[in-house]
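Examining the three-dimensional arrangement
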There are 2 protein chains.
Amino acid sequence: MMGDRTAVDRGNAVARPRRPLLSRDRIVAAALVLVDAEGLDAVSTRRLANELGVSGPSLYNHVATKEELIDSVVDAVLGEVDTSMFARLGGDDRDWRAALAAWAESYRATLAAHPNIVPVVAQGPGRRPHALRIADGVFGGLVAAGWPRREATRVGALMRYFVTGSALGSFAGGFPDDATVYEANYSHLGQAHLLAARQQEINESAFAVGLGALLDGLELRYRAVTSGGDAPAQVP
Amino acid sequence: MMGDRTAVDRGNAVARPRRPLLSRDRIVAAALVLVDAEGLDAVSTRRLANELGVSGPSLYNHVATKEELIDSVVDAVLGEVDTSMFARLGGDDRDWRAALAAWAESYRATLAAHPNIVPVVAQGPGRRPHALRIADGVFGGLVAAGWPRREATRVGALMRYFVTGSALGSFAGGFPDDATVYEANYSHLGQAHLLAARQQEINESAFAVGLGALLDGLELRYRAVTSGGDAPAQVP
DNA sequence: ACCTGAACACCGTTCAAGT
DNA sequence: ACCTGAACACCGTTCAAGT
């Protein structure tokens, strides 16, 4: 599908072409397409190179290792996460709750669009520029809205736990839709085989309920740690 | 370390030994040891067989595929998760909050003991017996404590999101401890290079704060969905 | 029934050779 | 500088052969 390049493009010969056939961005973009379409296991260097119309080892002129490549794919995905809501916090706008909710929805929507890469995303920020941009935005916004720094770190972490966890384990979809699995073995799961069919609704409502509960709980904590008033953000 | 079997054990010859050298349980146990010690990537059929003192293909007399083997390893880990607290709910004991908290701690402690397998655990219950036992226990307990069935499904799912997410992305540990990564690029992450050193404390306090917030929020919701009284559990 | 070595179709990665 | 094919040390899995 992507492998049909003309002789002109290839410089009419083997070895070095007139103009580079590859670029890091093109490789990363093709890898994401492949991950989305066929899963992480489908991304082998030979297969990916094939999609790009080159031979396997060519990739190593642009990426050091496959791991680094996957990392770049993850970073490209994280680039879609909106953190602009945090920049508006501070001064008269202290509505961290609305910002956190909007960010969580954006984060989740991004991961839901690329489910096959989520297990890698969830492992931690690493050195990925967009992961750090996100952490920076969340932390900065929370502090500007009045959260003490130590608390802001925790809130950023726990929100990430919830969002990545929900994107990863699409709860309902994991249950077999074969009723005989449950019979007589699990006394309360008599209807569990129906979960698969309703999985999207269940996952979404579980996310919505969990997000709401989390924010309600954090609101109580915010009042406690800021002594109930709207104390200014602590200085570093 | 595990590969030194005597000639007696091996039946003094190749081919079929007097007594089986392998069993499914022994393979699964060895795989878990290997995963814990060296990570998921270290588990290849040849390497694992080597640890067990046999040749690679021997494993296929006991497991159908490597995927099934890893699934069994995950199930063995999930076997350590305590769900007994849910069995006590119902009748006069409606303290679902305490049960949920104790379960979440047990779940998290189990995953923390086997961090390398968490990415697989987090993907969903599948057909793994212990995953279904856990889902059954949580759901049954919540319903017995008065949660409507639809809500109980959601609460079980969202709790799992939070616990697996927190076990997966050890937030603080993911940040590089190299200060130069952040300089001038991320305005609020000036101290982020210190996160790695405090990672255990941060992860644990983020988990504790998040769990508390979640339970506080769910308490509000419980009151709303049960109309403020202690209405009996709905019948199926 | 349960193990073996040989073999198949793959991997990620290195490297000398080509332009 | 940027591509190629050949090669290396691996994979998961199948299978005929052995007891």
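Residues numbered from 1 in each chain as written. Chains lettered and ligands numbered in written order. Predicted model: local features only at pLDDT ≥ 70, side-chain atom pairs only at ≥ 80, totals over all residues. Heavy atoms only, no water.

1. Remarks on the overall build of chain A
Put simply, the rule is: Going along the chain from the N terminus, every DSSP run of H or I of four or more residues is numbered as a helix, and every run of E of two or more is numbered as a strand. Burial classification: accessible surface area is computed with a 1.4 Å probe over protein chains only, and a residue below 20% of its type maximum counts as buried, one above 50% as exposed, and the rest as partly exposed. Whether two residues are in contact is decided by their heavy atoms: any pair within 4.5 Å suffices. Accessible areas in this description were obtained via Shrake-Rupley with a 1.4 Å probe; residue shielding takes into account the shown protein chains only.
Assigned secondary structure in chain A consists of nine helices and zero strands. Residue burial in chain A is summarised as follows: out of 236 residues, 51% are buried. Put simply, 70% of the contacts in chain A that link residues at least 6 apart link residues at least 24 apart. Looking at chain A as shown, the accessible area adds up to about 11000 Å², and 51% of this sits on carbon and sulfur atoms.

2. A word on the protein's contact with DNA strand C
Operational definition: Definition of nearness: a residue and a molecule or strand are near each other if at least one heavy atom of the residue lies within 4 Å of the molecule or strand. Identification of polar contacts relies on pairs of N or O atoms within 3.5 Å, with a donor-acceptor requirement for protein atoms, meaning one able to donate a hydrogen and the other able to accept it, and with residues adjacent in sequence counted only if both atoms are side-chain atoms. For this classification, Asp, Glu, Lys and Arg are treated as charged, while Ala, Val, Leu, Ile, Met, Phe, Trp, Tyr, Cys and Pro are nonpolar and the rest, including Gly, are polar.
Neighbouring DNA strand C are 24 residues, the closest being Tyr 60 of chain A together with Arg 16, Leu 21, Ser 58 and His 62 of chain B. Taken together, the sugar and phosphate atoms account for 51% of what DNA strand C places within 4 Å of the protein. Between DNA strand C and the protein, one listed contact pairs a base nitrogen with a backbone N or O atom of Arg 16 of chain A at 2.8 Å. Grouping the constituent residues of the surface near DNA strand C by class yields 11 nonpolar, seven polar and six charged.

3. Comments concerning the interface of chain A and chain B
Inclusion rule: Buried area is a sum: the accessible area each of two parts loses on coming together, probed at 1.4 Å, counted once for each and added. Criterion for a salt bridge: a side-chain nitrogen of Lys or Arg within 4 Å of a carboxyl oxygen of Asp or Glu.
Counting residues at the interface gives 58 residues for chain A, matched by 58 residues for chain B. Here chain A and chain B share an interface that buries about 4900 Å² over both sides, 68% of which is from carbon and sulfur atoms. Run the count over chain A and chain B and you get four salt bridges. Note that Arg 127 of chain A is salt-bridged to Asp 178 of chain B, the shortest N-O span being 3.4 Å. The interface formed by chain A and chain B holds 14 residue pairs in polar contact (both at pLDDT 80 or more) in total. Taken together, the elements giving at least two residues each to the side of chain A that touches chain B come down to helix H7 (129–144), helix H8 (149–168) and helix H9 (199–225) of chain A. Counting residues per element, the side of chain A that touches chain B draws most heavily on H9 of chain A, at 15 residues. Tallied by class, residues from the side of chain A that touches chain B come to 28 nonpolar, 18 polar and 12 charged.

4. What to know about the relation of the copies chain A and chain B
Applied cut-off: Least-squares superposition of the copies uses the C-alpha atoms of those residues scoring a pLDDT of at least 70 in each of them.
Structural alignment of chain A on chain B gives an RMSD of 0.0 Å, achieved by rotating through 180 degrees and translating 0.0 Å along the axis. The transformation just described matches what one would write down for a two-fold rotation axis. Interface overlap between copies is the fraction of interface residues in one copy that are interface residues in the other; for chain A against chain B it reaches 100%, indicating a shared surface.

5. A word on the pattern of salt bridges
Summed over the entire model, instances satisfying the criterion amount to 22 salt bridges over all chains. Residues Arg 128 of chain B and Asp 71 of chain B are paired through a salt bridge, measuring 3.0 Å at the closest nitrogen-oxygen approach. Pair noted here: Arg 128 of chain B is in the loop between helix H6 (118–121) and helix H7 (129–144) and Asp 71 of chain B is in helix H3 (residues 66–78), with a separation of 57 residues, a long-range link. Among the residues examined, Arg 128 of chain B registers a relative accessible area of 6% and is labelled buried. A network of salt bridges, in which partner residues are shared, links Glu 38, Arg 47 and Glu 51 of chain A.

6. Some remarks on the environment of Leu 22 of chain A
Residue and element names in this part refer to chain A. Structurally, Leu 22 is set in the segment before helix H1 (24–38). The exposure class of Leu 22 is buried, given its relative accessible area of 7%. In this structure Leu 22 touches Ile 27, Leu 52, Val 54, Ser 58, Leu 59 and His 62, once residues within four positions along its chain are discounted.

7. Regarding the confidence of the model for chain A
Residue and element names in this part refer to chain A. Stated precisely, the cut-off is as follows: Per residue, pLDDT captures the predictor's confidence, and it can take any value from 0 to 100.
For chain A, mean pLDDT is 89; residues scoring 70 or higher make up 89% of the total. Confidence drops under pLDDT 50 across residues 1–12; counting only partners more than four residues distant or on other chains, this segment forms 21 contacts. Confidence drops under pLDDT 50 across residues 231–236; counting only partners more than four residues distant or on other chains, this segment forms 11 contacts.

8. Details of H9 of chain A
Put simply, the test is: By this rule the span expected of a helix is its residue count minus one, scaled by 1.5 Å.
With 27 residues, H9 of chain A ought to run about 39 Å at 1.5 Å a step, and its terminal C-alpha atoms sit 38 Å apart, in line with that. In the stretch just after H9 of chain A, Ser 227 of chain A is the one whose phi turns positive, near 55 degrees.

9. Examining the protein's contact with DNA strand D
Around DNA strand D sit 24 residues in total, of which Arg 16, Leu 21 and Ser 58 of chain A together with Thr 45 and Tyr 60 of chain B are the nearest. The sugar-phosphate portion of DNA strand D accounts for 52% of its atoms within 4 Å of the protein, the bases making up the rest. Arg 46 of chain B has a polar side-chain atom sitting 2.7 Å from a base nitrogen of DNA strand D. In this structure, a phosphate oxygen belonging to DNA strand D sits 2.8 Å away from a side-chain N or O atom of Lys 66 of chain B. Tallied by class, residues from the surface near DNA strand D come to 11 nonpolar, seven polar and six charged.

10. Remarks on the side chain of Ser 72 of chain A
All names here are of chain A. Structurally, Ser 72 can be placed in helix H3 (residues 66–78). Note on Ser 72: relative accessible area 18%, which makes it buried. The residues touching Ser 72, leaving out its near neighbours within four places in the chain, are Arg 24 and Val 28.

11. Observations regarding the nonpolar core
Note the cut-off: Buried Ala, Val, Leu, Ile, Met, Phe, Trp, Tyr and Cys residues that are joined via side-chain atoms within 4.5 Å together make up what is termed a nonpolar core.
Counting residues in each nonpolar core, the largest one holds 132 residues, and the members touching the most others are Leu 100 of chain A together with Leu 100 of chain B. Beyond its immediate sequence surroundings of up to four residues, Leu 100 of chain A is in contact with Phe 86, Val 138, Leu 142, Val 155, Met 159, Leu 215 and Leu 218 of chain A.

12. Some details on the packing of aromatic side chains
Residues and elements named next belong to chain A. Heads up, the condition is: Ring pairs are drawn from Phe, Tyr and Trp, using the six-membered ring of Trp, whenever the two centres fall within 6.5 Å, and their geometry is named by plane angle: stacked under 30 degrees, edge-to-face over 60, tilted for the rest. We count a charge as sitting over a ring when the NZ of a lysine or the CZ of an arginine lies within 6 Å of the ring centre and within 35 degrees of the ring normal.
Per the stated rule, a full pass over the model turns up 14 aromatic pairs over all chains. Through successive ring pairs, a cluster of aromatic residues spans Phe 86, Trp 103 and Tyr 107. Geometry around Phe 207 places Arg 108 over its ring, the cationic atom sitting 4.8 Å from the centre.

13. So, the environment of Ala 206 of chain A
Counting through the fold element by element, Ala 206 of chain A comes out in helix H9. Given a relative accessible area of 0%, Ala 206 of chain A falls into the buried group. The spacing of Ala 206 of chain A and Ala 224 of chain A is 18 residues in sequence and 27 Å in space, taken between C-alpha atoms. Leaving out residues up to four positions away in the same chain, Ala 206 of chain A has contacts with Phe 162 of chain A together with Arg 154, Ala 157, Leu 158 and Tyr 161 of chain B.

14. Some points on the packing of helix H5 (residues 96–113) of chain B against helix H8 (residues 149–168) of chain B
Residues and elements named next belong to chain B. Heads up, the condition is: Here, axes are lines fitted to C-alpha atoms. For helices the fit covers the stretch in contact, and angles between N-to-C directions go from 0 to 180 degrees. For a crossing to be left-handed, the near helix must be turned anticlockwise from the far one by less than a right angle; the clockwise case is right-handed.
H8 packs onto H5 with a crossing angle of 35 degrees between their chain directions and a minimal axis gap of 9 Å. The hand of the H5/H8 crossing is right-handed. For the pair formed by H5 and H8, the contact residues are Leu 100, Trp 103, Ala 104, Tyr 107, Arg 108 and Leu 111 on the first element and Val 155, Met 159, Arg 160, Val 163, Thr 164, Ser 166 and Ala 167 on the second.

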